[in-house]
Amino acid sequence: MIELLKKRCARKDALSVFAINFLFLIIAALLFAVAHPNPLFSHGFPPAAYIAFLPVFLLIQRTTLIFSFFWGALYGIASYSLFAYWLAVFHPVALYVVIIIYAFFLSIVFFLLKLADRYFPKYGFILQWLIWLGYEYCKTVGFLGFPYGIIGYSQWRVVFLLQIAAIFGVWAVSAIVVFPSAWLAASLKGSHGLKGAGKNVSALFIEHKLSACIWVVAFFLVSIFGFFSQKDYSAEKKMRLALIQPNSDPWQGNIETYKQDFQILAKLSDEALLHEPETELVVWPETAFIPRIDWHYRYREDRAAFNLVSDLLTYIDSKNTAFLIGNDDAIKANVNGFPERLDYNAALLFIPQKNTIPPQPAKYWKKHLVPFTEHFPYKSIFPNIHQLLIEHDTHFWEKGAEFSVFNVNAVKFSVPICFEDSFGYISREFIKRGAQVLINISNDAWAKSLPCQNQHLSMAVFRAVENRVSMVRATASGQTVAIDPNGRIIAEAEPFVQTFLSAEIPVIAKPSSLYLFFGDGLGVFFLIAGLGLLINGLIQNIVSKKDE
């Protein structure tokens, strides 16, 4: 009877532990989602970011090494289901792919965090801080790179704080934001109730006051730098642009729909030029015009598409303003000895009376394609996955090879396409090649989600600060904006309406920032430091046990 009661009590204790752990996990996932743009706070709630990982680190303390994999996987599923819920609209398998990937990634991260907690009882929270920051850098690298969810981006509207990105990129902002969670979790370790927690906070501040003081000083210095490093760009040369927002998903429909979309784009462009006759460049969003302009004009296999292309070229050629147009560009190439059409997600620059009829536009082909839904290079290794993607109406593109720099009226600019403005290294490379302005063309209309569009915008403002250049975005449905080199949004169109945004932006003759020199070096440092210290500590632990 006693043994039975003991077993029942043990089961109750196990259930109680599981329930508390699960509660921590849910709170952590909610805080992570709330910190970023979400349905409750369309711009996000930045203060939540400072404690977003507190429940994560507390959960790590409570679980075992083996179960850390389980909780990490569950956190990956919960946090990205709440944060990136709009992916389900993007593609039937997109959300499933993302949560599976992050279930795997975060199971490993949680395991590393638990190792730090177990084998570094005194300074484990600093190691955990480094590991998390190293993970954030890792999630931007390679084919699976997905910068959405980096916690530093949650501070995109705290203009004074994001100025440090001009030196170290978003990684410095993440470092400032993540530390309080790790430090507070360490202070609460082993506490029982509020009284115990209070004692632990006091004890930790006494024992580790140096790390707390360093963070306070760092936050103060970053804030001071942020306030005083912002510049007045009113005396700089200006560029006038018309950013067209048709409020439609161009891929929905057929040739008749494409005609209607063209009519809307032309109408809005005419209104913008009437509003501001001195406009130097009209910008249409990503793939705003679907029929392949050069291809259909050259080969004329589809008469209806050729006629629409001809109408477009005649329209542009009748203007006195350059047009930058998102288009599905194509070339004919020999692939394994057979002629084949290769498609590229492209930005095409047309100068009326110069390169319009016949079409010979300056081009940029998107280099960093969205994994699985725009690009899948592993057809031969995973043919079944490739076939599944094809069956779900995936439109694959080829990768571009060049970091193109365009020129209009002696202003040099480059065009990161949609997803590309979420990667710091891409915009940095454009600026290093001579661009003075960044022009992003995007289509997030498929999501029908303001949080999705603001999450995308939250990353774009960092590109302006990192490179100290102006940036504009012309989008299918929002957020169509103009951003100055301080990362401040100086003009914004209302989302989800057919409209245009006339914007005048400062042009920096020779962009200069330390980020242009350092790049993502701080992110790499966090990764190497975190893993290096962890491995070194584990080796020392093993050696000391052998000596005993």
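Per an unreviewed UniProt entry, the protein carries the name Apolipoprotein N-acyltransferase and comes from Treponema phagedenis. Of the protein, the UniProt comment under Sequence similarities (unreviewed entry) reads exactly: "Belongs to the CN hydrolase family. Apolipoprotein N-acyltransferase subfamily." Recorded in UniProt under Pathway (unreviewed entry), the annotation for the protein is "Protein modification; lipoprotein biosynthesis (N-acyl transfer)."

1. With respect to the state of the cysteines
Under the criterion given, the structure shown has zero disulfides. Free of any disulfide, Cys418 has its nearest neighbouring cysteine sulfur in Cys452, separated by 8.7 Å. For Cys418, a relative accessible area of 10% corresponds to the buried category.

2. Section: the sheet that holds strand E2 (residues 281–283)
Sheet architecture is open: six strands sit in the order E5-E4-E3-E2-E1-E12, paired in mixed fashion. Taken across any chain shown, the strands that pair with only one partner, and hence form the sheet edges, are strand E5 (362–365) and strand E12 (499–507). Here the average twist between neighbouring strands, direction ignored, is 40°. Sheet topology places strand E3 (residues 322–335) next to strand E4 (residues 338–350); 13 bridges connect them, and they run antiparallel. Following the sheet pairing, Asp329 is matched in E4 by Tyr344. The sheet contacts of helix H12 (residues 255–275) involve strand E1 (237–245), E2, E3 and E12, and relative to E12 the element is tilted by about 50°. Contacting E3 and E4, helix H14 (residues 303–317) runs over the sheet at an angle of about 140° to E3.

3. Some points on the domain arrangement of the protein
For the protein, the assigned domains read domain 1 (1–231 + 521–547) and domain 2 (240–508). Between the C-alpha centres of domain 1 and domain 2 the distance comes to 36 Å. Summed over both sides, the interface between domain 1 and domain 2 buries roughly 3,300 Å², with carbon and sulfur atoms accounting for 69% of that surface. Applying the counting rule to domain 1 against domain 2 returns 10 residue pairs in polar contact (both at pLDDT 80 or more). For the side of domain 1 that touches domain 2, the secondary structure elements donating two or more residues are helix H4 (87–90), helix H5 (94–119), helix H7 (159–162), helix H8 (165–168) and helix H9 (170–187). Tallied by class, the residues present in the side of domain 1 that touches domain 2 amount to 24 nonpolar, 12 polar and one charged.

4. Observations regarding the UniProt feature "transmembrane region" (unreviewed entry) in the protein
Here the UniProt-annotated "transmembrane region" (unreviewed entry) positions come out as residues 14–34, 40–60, 67–87, 93–113, 125–148, 160–188, 209–228 and 514–539. Secondary structure over residues 40–60 splits into 33% helix and 0% strand, and the C-alpha atoms at its two ends are 28 Å apart. The span residues 67–87 shows a helical share of 86% and a strand share of 0%, and its end C-alpha atoms are spaced 29 Å apart.

5. Let's talk about the sheet that holds strand E6 (residues 406–408)
Each strand in a sheet pairs with its neighbour through backbone hydrogen bonds, running either in the same direction (parallel) or in the opposite one (antiparallel). Pairing is mixed in the open sheet, where six strands are placed in the order E6-E7-E8-E9-E10-E11. Either end of the sheet is taken by a strand with one partner, and the two such strands are E6 and strand E11 (489–492). With direction set aside, neighbouring strand axes in the sheet form an average angle of 25°. In the sheet, strand E7 (residues 411–414) pairs with strand E8 (residues 437–442) via two bridges, with the strands oriented parallel. The partner of Phe413 across the bridge, within E8, is Val437. The strands touched by helix H17 (residues 450–467) within the sheet are E8, strand E9 (470–475), strand E10 (481–483) and E11, with E9 carrying the most contacts at an inclination of about 155°.

6. With respect to the pattern of salt bridges
Applying the stated criterion across every chain, the model contains 14 salt bridges. A salt bridge links Glu466 to Arg463; the shortest N-O distance between them is 2.9 Å. Of this pair, Glu466 and Arg463 both sit in helix H17, three residues apart, which is roughly one turn of the helix.

7. Thoughts on unusual backbone geometry
Between Ile357 and Pro358 the backbone carries a cis peptide bond, its omega angle lying at -10°. Inspection of the secondary structure assignment puts Pro358 in the loop between E4 and E5. Gln479 follows Gly478 through a cis peptide bond whose omega is 0°. Checked against the element boundaries, Gln479 lands in the loop between E9 and E10. Of note in this structure, Asn247 is not a glycine but carries a positive phi near 55°.

8. Details of the pairing of E7
With three bridges joining them, E6 and E7 adopt antiparallel strand pairing. Bridged to Val408 within E7 is Val411. For the segment spanning E7, helix H16 (residues 424–432) and E8, crossover handedness is right-handed.

9. What to know about empty space enclosed by the protein
One pass over the structure, following the stated rule, counts three cavities of 30 Å³ or more. Lining the largest cavity are 13 residues, and of these Phe32, Tyr80, Trp132, Tyr135 and Gly149 lie nearest its centre. Put simply, the parts of the chain that give the lining of the largest cavity at least two residues each are helix H3 (65–83) and helix H6 (124–138). Its residues assigned to classes, the lining of the largest cavity comprises nine nonpolar, two polar and two charged. There is about 40 Å³ of room inside the second largest cavity. Taken together, Pro246, Ser248, Pro250, Asp261, Leu265, Pro285, Glu286, Ala288 and Ala476 make up the lining of the second largest cavity. Split by residue class, the lining of the second largest cavity holds six nonpolar, one polar and two charged.

10. Here we look at the packing of helix H2 (residues 54–62) against H9
One can describe the packing of H2 onto H9 by two numbers: an axis separation of 8 Å at closest approach and a directional angle of 40°. As judged from the angle between their axes, H2 and H9 are oblique. In this structure, H2 meets H9 at a crossing whose hand is right-handed. The segment H2 lies against H9, with Leu54, Phe57, Leu58 and Gln61 engaging Ser181, Ala182, Leu184, Ala185 and Ala186. For the contact of H2 with H9, the class distribution of residues is seven nonpolar, two polar and no charged.

Calculation rules
Sequence positions are assigned chain by chain, starting from 1 and proceeding in written order. Local features in this predicted model are restricted to residues of pLDDT 70 or higher, and side-chain atom pairs are both shown and tallied only at a pLDDT of 80 or more, whereas totals for entire chains, interfaces and linings draw on every residue. Remark: hydrogens and water are excluded; side-chain values derive from all non-hydrogen atoms of the structure. UniProt positions are given in the numbering used here, feature names are shortened, and annotations may be inferred rather than shown by experiment. Cysteine sulfur atoms that come within 2.5 Å of each other are treated as a disulfide pair. To sort residues, take the accessible area from a 1.4 Å probe on protein chains only and compare it with the maximum for the residue type: under 20% means buried, over 50% means exposed, and anything in between is partly exposed. The pairing criterion is simple: DSSP has to find at least two bridges between the two strands. Where helices and strands are cited, they refer to DSSP runs of H or I of at least four residues and of E of at least two residues respectively, numbered from the N terminus. Lines fitted to the C-alpha atoms define the axes, with helices restricted to the stretch that makes contact. Angles between their N-to-C directions range from 0 to 180 degrees. The contact definition used throughout considers only heavy atoms, calling two residues in contact when any of these lie within 4.5 Å. Either an automatic procedure or a domain database provided the assignment from which the domain bounds are taken. The term buried area means the drop in 1.4 Å probe accessible area that two parts suffer when joined, counted for both and summed. Contacts described as polar in this section are N or O atom pairs within 3.5 Å, which, within protein, must combine one atom able to donate a hydrogen with one able to accept it, while residues neighboring in sequence count only if both atoms come from side chains. Only Asp, Glu, Lys and Arg are considered charged, only Ala, Val, Leu, Ile, Met, Phe, Trp, Tyr, Cys and Pro nonpolar, and every remaining residue, Gly among them, polar. Whenever a carboxyl oxygen of Asp or Glu lies within 4 Å of a side-chain nitrogen of Lys or Arg, that contact is scored as a salt bridge. With strands facing away from the observer, any crossover in which the path from the first strand over the helix to the second runs clockwise is taken as right-handed. The pocket and cavity definitions rest on a 1 Å grid over protein atoms only: a 1.4 Å probe that fits but cannot leave marks a cavity, an open set with protein on both sides within 12 Å along at least five of seven lines marks a pocket, and residues lining either have an atom within 4 Å of a point. Grid points are joined across faces, edges and corners, and a volume is the space filled by probe spheres set on the points. Should an angle lie under 35 degrees it is considered roughly parallel, over 145 roughly antiparallel, and from 65 to 115 roughly perpendicular; all remaining angles are considered oblique. Should the near helix be turned anticlockwise from the far one by less than a right angle, the crossing is termed left-handed; should it be turned clockwise, right-handed.

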